[in-house]
Amino acid sequence: MQQLATDRQREFAAALLDATLATPPGLIGPDGELSSKRFSVYRNNVVLGLIEALRANFPATCRIVGDEFFRAMARAYAVSEPPTSPMLFDYGAGFADFVAVFDPAVSLSYLPDVIRIERAWVEAYHARDAVALEPVALAAIPNDRVAELRFSLHPSLRVVRSLFPAVTIWRMNITDGVPRSVDVDSDGEDAVVVRPGAEVEVRLIPPGGAEFITALASGQSLTEATRRAMTEFALFDLSTNLAMLVQAGAFIGYGFAQGESYGKTEAR
Amino acid sequence: MTLALESVALDTRLQAILSRAGVGLKAEHYRTIVATRPDIGFFEVHAENYMGAGGPPHRYLTEIRNHYPLSLHGVGLSIGAARPLDRDHLRRLKQLIERYQPGLFSEHLAWSTHDTRFFDDLLPVPYTSETLALVTDHIDEVQDTLGRQMLLENPSTYLAFAESTYSEIDFIVETVRRTGCGLLLDVNNVYVSSTNQRWDPIRYLDEYPLAHVQEIHLAGYTREADEAGRPLLIDTHDRPVDEHVWSLFEHAIGRVGPKPTLIEWDTKVPTWPELKAEADRAEATMVAVGKRERHRAAIGY
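Residues numbered from 1 in each chain as written. Chains lettered and ligands numbered in written order. Predicted model: local features only at pLDDT ≥ 70, side-chain atom pairs only at ≥ 80, totals over all residues.

Our focus in this paragraph is the sheet that holds strand 5 (residues 201-204) of chain A. All names here are of chain A. Pairing within the open sheet is antiparallel, and its three strands lie in the order 3-4-5. The open sheet is flanked by strand 3 (158-161) and strand 5, the only strands paired with a single partner. The mean angle between the axes of side-by-side strands here comes to 25°, regardless of whether they run parallel or antiparallel. In this sheet, strand 4 (residues 190-194) lies alongside strand 3 in antiparallel orientation, the contact comprising four bridges. From the neighbouring strand, valine 160 faces strand 4, where its bridge partner is alanine 191. Packing of helix 6 (residues 111-126) onto the sheet brings it into contact with strand 3, strand 4 and strand 5, and relative to strand 3 it is tilted by some 175°. (Pairing = 2+ DSSP bridges. Helix = DSSP H or I, 4+ residues; strand = E, 2+ residues; numbered from the N terminus. Axes fitted to C-alpha atoms, helices over the stretch in contact; angles between N-to-C directions. Contact = placed C-beta atoms within 7 Å.)

This is how it looks when you write it as structure tokens:
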């Protein structure tokens, strides 16, 4: 049952992404003759559609490398890793890893991290909605219990770590960004990406902060997370990091015992 | 900072889509629409763009849905695929329909998935008994799962299959007869396919099962040529509706009367006034044709 249709679509699909394959037989123009030109319309539509989807999701990357280079890079990725879902807003999860080993781009060592920031931005944009804790909510916590605090993180929150000044480079290449010269060998930058309301926010994380957030996200207490941050950066500044995260809307609830959560005000 | 999501009861008077003109909703126009509340018949969205868990797309669509009728247009269900429908995708569609209660739901006579891959295009099917059987099964499953009728859209095609044994229209007629689905008549696709396949577009419309048409699409195309220098039109949705297509639309409306008519403009998205002007023209055409037909009837023409 439907074997012919299956075989037919298999050969059609294979030739769509592999331009070295011949046009499948029986695909004809109005004269009844095989028409490669007509088949190539579908080839172009598929590849151009995927390039456009990537361009929409990675605008800063496109601006950094230029349109022509981006198209070539996006085409190579689309052919090698076509989407597995019709939800194209979600296309490009593997783009950073692909670009990291894409020969013509290896000299742009910071590029994969810029792509990771843009990917985190897209994920945050479409993530589940939730109401962030207001700073005033934390004022109610008794001082003697602060050490045991555990936080529920906002579902849109992502952390991107980079050995390069990726946040600075990203920021210069978004709409309204002002290009200036950047020493790509200057200190690495980590970013927290979160969307507490309508707008996605990308903030620089102070030293040790990425480790700290990751520990909180895994359910560790404030004390445990602080200890972990200090193993990475001895001068880790807890109050600066905590204030930044609260201002960013990174938390949606808190509790004390493991797995417990108070003050959680989620809107879904 | 409250996101008013899912909390507002929909105004049921905005359920049915009247025989007016609408436009495809683009993110570029969200703010203008919310701020100015333009007079337009309805909005249509691509279902796949609203399958994320949350965020601004849902926020704006909720706001807009509260003031306008909505049509939901799927582009990724792959009804023509020689494999079972993606149940997860169907479930997501069902959730969207429950949440936004669109007046119409449509999908394409095409396929776009194979194995685990999604091809971002509407790929053609041969018109054979085998394809008819699988398309029929899939439409039955969609309508059973969603608990409502779907509209099937006629495709833009760039080539033909040597093995086809049905004409496109006979294939569509038989699909409607077997499944009870309705039709979305894309007049631009009629023009594009007719040019590419050397059919007469007026004859196509006259033979089309127009009684089942519940919505019309209009869009712009790009002109290219095949290896023999014959015109090869591409359904690009990146420019105004062509004059030939407007004429065909007038002909179609003369036959079926006014229908919910959508302007599709998906790439190189124009300013809101440009897009709105296309919808205004579609609506003016429906009014003019209506008057002409009533006049004809009055004088017994």
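Additional details are given in the paragraphs that follow.
Next up on the list: the packing of helix 9 (residues 209-217) of chain A against helix 10 (residues 222-232) of chain A. Residue and element names in this part refer to chain A. As a packed pair, helix 9 and helix 10 sit with axes 8 Å apart at the nearest point and diverge in direction by 150°. With respect to helix 10, the element helix 9 is oriented roughly antiparallel. With respect to the hand of their crossing, helix 9 and helix 10 are arranged in right-handed fashion. Along the contact surface, helix 9 presents Gly209, Glu211, Phe212, Ala215 and Leu216, while helix 10 presents Glu224, Ala225, Thr226, Arg228, Ala229 and Glu232. Considering only residue class, the contact of helix 9 with helix 10 consists of five nonpolar, two polar and four charged. (Parallel < 35°, antiparallel > 145°, perpendicular 65-115°, else oblique. Left-handed = near helix turned anticlockwise from the far one by under 90°. Nonpolar A, V, L, I, M, F, W, Y, C, P; charged D, E, K, R; others polar.)

Look at any regular strand and the pattern is simple: side chains alternate between the two faces of the sheet. Residues and elements named next belong to chain B. Direction of pairing for strand 11 (residues 222-225) relative to strand 12 (residues 231-234): antiparallel, over a ladder of four bridges. Its bridge partner lying in strand 12, glutamate 224 is registered against leucine 232. The turn joining strand 11 and strand 12, which pair antiparallel and follow one another in sequence, is formed by five residues; a positive phi near 80° is taken by glycine 229.

Residue and element names in this part refer to chain A. Residues Leu222, Ala225, Thr226 and Ala229 constitute the buried set of helix 10. The buried residues of helix 10 occupy an angular sector of 100° when the element is viewed end-on, so they sit on one face. Against helix 9 and helix 11 (238-248) lie the buried residues of helix 10. (Buried ≥ 20, exposed ≤ 12 C-beta atoms within 10 Å, placed from the backbone. Arc of directions from axis to C-beta.)

Every contact between the two is made by 44 residues of chain B and, on the other side, 45 residues of chain A. Secondary structure elements with two or more residues in the side of chain B that touches chain A: helix 2 (56-65), strand 5 (111-114), strand 6 (117-123), helix 4 (129-146), strand 8 (160-161) and strand 12 of chain B. Of the residues contributing to the side of chain B that touches chain A, the split by class is 22 nonpolar, 12 polar and 10 charged. Sheet analysis places strand 1 (residues 27-28) of chain A next to strand 8 of chain B, joined by two bridges and oriented antiparallel. Note that in strand 8 of chain B the partner of Leu27(A) across the bridge is Phe161(B).

All names here are of chain B. Burial in helix 2 covers these residues: His58, Leu61 and Arg65. End-on, the buried residues of helix 2 take up no more than an arc of 70°, which puts them together on one face. Looking at the packing, one finds that the buried side of helix 2 touches strand 2 (42-46), strand 3 (70-73) and helix 3 (87-100).

Ranked by size, the top nonpolar core spans 144 residues in total, and within it Val114(A), Ile117(A), Val192(A), Val193(A), Val187(B), Leu218(B) and Ile263(B) carry the most contacts. Broken down by element, this core gets its largest block of residues, nine residues, from helix 6 of chain A. (Core = buried A, V, L, I, M, F, W, Y, C linked by C-beta atoms within 7 Å.)

Turning our attention to the environment of His108(B). All names here are of chain B. As for its placement among the helices and strands, histidine 108 is situated in strand 4 (residues 104-108). Spatially, the C-alpha atom of histidine 108 lies 16 Å from that of aspartate 170, the residues being 62 residues apart in sequence. Apart from the residues lying within four places of it in its own chain, the contact partners of histidine 108 are Val75, Ile79, Leu122, Glu153 and Pro155.

Residues and elements named next belong to chain B. Spatially, eight strands are ordered 1-2-3-4-7-9-10-13 in a closed barrel, and the strand pairing comes out parallel. Strand-to-strand twist of the sheet, defined as the mean angle between neighbouring strand axes without regard to direction, takes the value 30°. Pairing geometry for strand 1 (residues 21-24) and strand 2, over three bridges, is parallel. Paired with glycine 24 across the strands is glutamate 44, a residue of strand 2.

It is worth spelling out the packing of helix 4 of chain B against helix 5 (residues 168-179) of chain B at this point. Residues and elements named next belong to chain B. Relative to each other, helix 4 and helix 5 sit at 40°, their axes nearing to 10 Å. Viewed along their axes, helix 4 and helix 5 adopt a mutual orientation that is oblique. For the pair helix 4 and helix 5, the crossing hand works out as right-handed. Two secondary-structure elements touch here, helix 4 through Leu132, Val135, Thr136, Ile139, Asp140 and Gln143 and helix 5 through Phe171, Glu174, Thr175, Arg178 and Thr179. Tallied by class, the residues present in the contact of helix 4 with helix 5 amount to four nonpolar, four polar and three charged.

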